[in-house]
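Geometric and topological summary
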Amino acid sequence: MKQTETIAAIATALSDSGIGIIRISGSEAISVGDRVYRSKNGCHSLKDYGSHTIHYGFIMDGQEILDEVMVTVMKAPKTYTREDVVEINCHGGVLVMRRILEAVLKNGARLAEPGEFTRRAFLNGRIDLAKAEAVMDLIRSRNDYARRASISQLEGSVSVCIRRLRQEILDELAFIESALDDPEHISTEGYPEQLSGKVDALIAECGRLIASAENGRLLKEGINTVIVGKPNAGKSSLLNLLAGRERAIVTEIAGTTRDVLEEAVSLHGISLNVIDTAGIRSTSDVVEKIGVEKAEQYAKEADLILYMADSSIPMDESDEHILKLIEGKKCIVLLNKSDLTPVLTETKLKEKLPAGVPVVKVSVKEREGLDAFENVLSEMFFSGGLRFNEEVVITSMRHKEALQNASDSLLEVKRSLEAGMPEDFFSIDLMSAYASLGEIIGEEVGEDLVNEIFSKFCMGK
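Residues numbered from 1 in each chain as written. Predicted model: local features only at pLDDT ≥ 70, side-chain atom pairs only at ≥ 80, totals over all residues. Heavy atoms only, no water.

Worth spelling out the cut-off: UniProt positions are given in the numbering used here, feature names are shortened, and annotations may be inferred rather than shown by experiment.
An unreviewed UniProt entry annotates the protein chain as tRNA modification GTPase MnmE of Candidatus Eisenbergiella pullistercoris. Under the heading Subunit (unreviewed entry), UniProt records this for the protein chain: "Homodimer. Heterotetramer of two MnmE and two MnmG subunits." Here the protein chain is described in UniProt, under the heading Subcellular location (unreviewed entry), as follows: "Cytoplasm".

1. Quick look at the sheet that holds strand β11 (residues 304-310)
Heads up, the rule is: When DSSP finds two or more bridges between a pair of strands, those strands are recorded as paired. Secondary structure elements follow DSSP: runs of H or I no shorter than four residues count as helices, runs of E no shorter than two count as strands, and numbering proceeds from the N terminus. Working convention: axes come from line fits to C-alpha atoms, limited for helices to the stretch in contact. Angles between N-to-C directions cover 0 to 180 degrees. A contact between two residues is defined here by any heavy atoms of the two lying within 4.5 Å.
Read from one edge of the open sheet, 6 strands run β9-β10-β8-β11-β12-β13, paired in mixed fashion. On the outer flanks of this sheet lie β9 (261-267) and β13 (359-361), each paired with one strand and no other. Adjacent strand axes in the sheet meet at a mean angle of 25° when their direction is disregarded. Note: β9 against strand β10 (residues 270-276), 7 bridges, orientation antiparallel. Residue pairing for β10: Glu262 is matched across the bridge by Ile275. Helix α10 (residues 317-325) rests against β8 (223-229) and β11 of the sheet, and its axis sits at about 165° to β11.

2. Digging into the side chain of Ser25
Condition: Buried residues are those whose accessible area, probed at 1.4 Å on protein chains only, stays under 20% of the maximum for their type, while exposed residues exceed 50% and partly exposed ones sit between those limits. What qualifies as a polar contact is a pair of N or O atoms within 3.5 Å, subject to a donor-acceptor requirement within protein and to the restriction that residues adjacent in sequence count only when both atoms come from side chains.
By secondary structure assignment, the location of Ser25 is in strand β2 (residues 17-25). A relative accessible area of 0% means that Ser25 is categorised as buried. A polar atom in the side chain of Ser25 sits 2.8 Å from the side chain of Thr81. Each residue touching Ser25, except ones within four places of it in the same chain, is listed here: Glu5, Thr6, Ile7, Thr81, Glu83, Asp84, Val85, Phe117 and Arg120.

3. Looking at helix α7 (residues 191-221)
As a reminder of what qualifies: In a helix, the anticipated span is given by 1.5 Å times the number of residues less one. We define the bend at each residue as the angle formed by axes fitted to the 7 residues ending at it and the 7 residues starting at it.
Along its 31 residues, α7 runs 45 Å from first to last C-alpha, staying within 8% of the 45 Å computed at 1.5 Å per residue. For α7, the principal kink sits at Glu214 and spans about 30°. Immediately downstream of α7, the backbone of Gly222 shows phi near 95°, a positive value.

4. Examining a nonpolar patch on the surface
How we decide: For patch building, the residue pool is restricted to those with more than 30% relative accessible area and no salt bridge; the joining distance is 9 Å between like charges and 5 Å between nonpolar side chains (Val, Leu, Ile, Met, Phe, Trp, Tyr). Only the protein chains shown count as cover for residues, and the accessible areas themselves come from Shrake-Rupley with a 1.4 Å probe. Salt bridges are defined as contacts in which a side-chain nitrogen from Lys or Arg sits within 4 Å of a carboxyl oxygen from Asp or Glu.
Taken together, the side chains of Ile54, Tyr56 and Met70 present a nonpolar region at the surface, about 250 Å² in accessible area. Mapped onto the fold, Ile54 is located in strand β4 (residues 53-61). What makes Ile54 partly exposed here is its relative accessible area of 48%.

5. Focus: the state of the cysteines
Filter applied, for reference: Note on disulfides: each one is a pair of cysteine sulfur atoms within 2.5 Å.
Under the defined criterion, the tally for this structure stands at 0 disulfides. Considering cysteine sulfurs only, Cys90 is the nearest to Cys458, which forms no disulfide, with 17 Å between them.

6. Overview of the environment of Leu349
Here Leu349 shows up in helix α11 (residues 346-352). Leu349 sits 38 residues away from Ser311 along the chain, and the two C-alpha atoms are 9.2 Å apart. If sequence neighbours within four positions are ignored, Leu349 has contacts with Ala309, Met315, Val333, Leu335, Leu344 and Val359.

7. What to know about the pairing of strand β12 (residues 331-336)
Rules: A crossover gets the label right-handed when its path from the first strand over the helix to the second runs clockwise, viewed with the strands pointing away from the viewer.
The buried count for β12 comes to 6 of 6 residues, which makes it a mostly enclosed element. Alternating positions in β12 separate into two faces, Cys331, Val333 and Leu335 on one and Ile332, Leu334 and Asn336 on the other, with burial throughout. Inspection of the sheet shows β11 paired to β12 by 6 bridges, in the parallel sense. Among the inter-strand pairings, Leu306 is bridged to a residue of β12, identified as Ile332. The β-α-β motif built from β11, the intervening α10 and the parallel element β12 has right-handed crossover chirality. Running through α11, the crossover from β12 to the neighbouring parallel element β13 is right-handed.

8. Focus on the packing of helix α6 (residues 157-181) against α7
Threshold: When an angle is under 35 degrees it counts as roughly parallel; over 145 it counts as roughly antiparallel; between 65 and 115 it counts as roughly perpendicular; any other value is oblique. Crossing handedness: left-handed means the near helix sits turned counterclockwise from the far one by under a right angle, and right-handed means the same turn made clockwise. Residues are sorted three ways: Asp, Glu, Lys and Arg are charged, Ala, Val, Leu, Ile, Met, Phe, Trp, Tyr, Cys and Pro are nonpolar, and all the rest, Gly among them, are polar.
Contact geometry of α6 with α7 gives a least axis separation of 12 Å together with a crossing angle of 160°. When the interaxial angle is binned, α6 and α7 end up roughly antiparallel. Judged by the sense of rotation from one axis to the other, the crossing of α6 with α7 is left-handed. Residues Cys161, Ile162, Arg164, Leu165, Glu168, Ile169, Glu172, Phe175 and Ile176 of α6 form the contact with α7, whose own contacting residues are Tyr191, Leu195, Lys198, Leu202, Glu205 and Leu209. Looking at side-chain class alone, the contact of α6 with α7 contains 10 nonpolar, no polar and 5 charged residues.

9. Regarding the confidence of the model for the protein chain
What counts is decided by this rule: As a per-residue measure, pLDDT tells how confident the predictor is, with possible values from 0 to 100.
Mean pLDDT over the protein chain works out to 86, with 92% of the residues at or above the 70 mark. Contacts from residues 248-258, a stretch scored under 50 in pLDDT, to residues over four places away or in other chains number 30 contacts.

10. Quick notes on the pattern of salt bridges
The final tally for this structure, using the stated rule, is 26 salt bridges. A salt bridge links Glu87 to Arg23, with the nearest nitrogen and oxygen atoms 2.8 Å apart. Separated by 64 residues along the polypeptide, Glu87 in strand β6 (residues 85-92) and Arg23 in strand β2 bring together distant segments of the chain. The burial state of Glu87 is the same as that of Arg23; both residues are buried. Here Asp137 makes a salt bridge to Lys220, at a shortest N to O gap of 3.3 Å. With Asp137 in helix α4 (residues 129-140) and Lys220 in helix α7, this pair connects stretches of sequence that are 83 residues apart. Exposure remark for Lys220: the relative accessible area of 33% places this residue in the partly exposed category. One network of salt bridges, in which partners are shared, links Glu5, Glu83, Arg110, Glu116 and Arg120.

11. A short note on the sheet that holds β6
Strand order in the open sheet formed by 7 strands is β3-β4-β5-β6-β2-β1-β7, and the pairing between neighbours is mixed. Looking at which strands have only one partner, the edges of the open sheet turn out to be β3 (37-39) and β7 (110-111). Most of the contacts of helix α1 (residues 29-36) go to β3, to which it runs at about 65°, and overall it touches β2, β3, β4, β5 (64-74) and β6. Against the sheet, helix α3 (residues 116-123) contacts β1 (7-10), β2 and β7, and its axis sits at roughly 135° relative to β1.

What follows is the structure in structure tokens.
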């Protein structure tokens with residue numbers, strides 16, 4: 001019943017702006033629009049207009065003019081929802097948008113649920129579930145790399161890959177079923193060896209996609225970046241500089257930062273969730289000690305550590321402790337206070353660091369060396385473990401879980417092959433892998449999961 005109802009919602013941000021859009025979709029969209037629309041001379045109906053045309057007029061609530069508008073008419077099936085769609089382009093005031101929406105609802109539409117327009121696009125077959133999720137990822141993208149990944153998925157990069165894998169599995173299922181139904185004419189001699197090679201390739205492809213999910217998470221959510229160092233090394237000053245505002249208190253008194261401070265910043269289009277922590281040192285102060293413990297915990301969980309080393313003083317036990325924290329982690333060392341006479345040189349520091357950890361000389365006070373730091377970060381993002389390229393990247397943890405389930409089922413096929421089991425054993429696990437991959441594009445999902453996914457969308461999309 002709900003799927004056949006005509007729905008409406010404000011499709012732009014509910015704030016004062018130049019333009020606002022009220023979107024109507026459904027079999028009665030044009031009729032509903034007609035009841036509130038009046039052309040300039042009062043003698044035209046929206047039903048008279050062709051598809052994908054825009055028209056000047058007024059929105060009425062009874063005899064009252066609510067706004068001067070441009071109304072777009074789009075007829076099924078060449079619309080976002082594959083239903084008739086009317087979009088009212090009005091002035092962007094909060095009050096006027098609400099009044100127009102109220103008039104539309106009064107004349108036969110109901111208020112759309114979050115994501116219901118995109119849900120109808122999915123249910124009506126215009127997009128699959130992976131593409132639908134990419135719509136929301138695109139809206140929420142925080143950097144250019146995340147935007148590019150979302151656009152790629154919206155164009156079908158993930159969907160095409162998943163459909164190809166499912167077709168390869170389906171081909172094997174079809175052969176096995178045919179051989180079981182007609183063993184006299186279809187021989188399975190040598191087939192287990194052939195299937196084993198194909199299963200190996202499928203497992204490898206699933207593994208590559210699963211491995212890409214870590215890069216996908218960094219693209220989508222940003223790189224969790226923790227600044228560590230001794231007290232007064234310049235950690236809070238760095239946070240303020242990256243944030244472009246006085247986010248943290250900075251004094252000459254050591255141990256000013258006691259708790260964790262977080263700020264989202266963007267460098268070279270890369271989103272960083274920057275976390276400033278207490279200076280790491282031995283202390284008897286109870287509060288500062290808790291701050292140091294928090295710093296150590298955040299460092300262990302970080303995607304990237306920025307180690308602020310003070311070039312004006314020699315390394316000590318606190319630095320040795322920090323060096324243990326960064327072992328096995330992605331790390332960039334910032335050798336701060338390059339404007340002062342160095343006591344700790346880059347050469348001395350590199351002797352202590354794990355191989356391959358980059359060192360950048362900076363002066364946060366004088367704003368020097370930050371370009372070099374951004375370049376190192378960008379190079380690490382492109383060429384290291386934090387890279388992004390044009391390959392298919394999995395950004396959804398739901399997709400990752402489905403791929404893992406498919407891979408597990410394919411591994412069961414491999415075990416059955418190695419154990420010399422009959423062909424019908426292969427088909428059970430192949431079908432399970434086929435179904436798991438189908439969850440990604442929405443061909444093997446229940447209504448509850450669909451409801452959950454679209455409930456996270458914004459109203460009007």
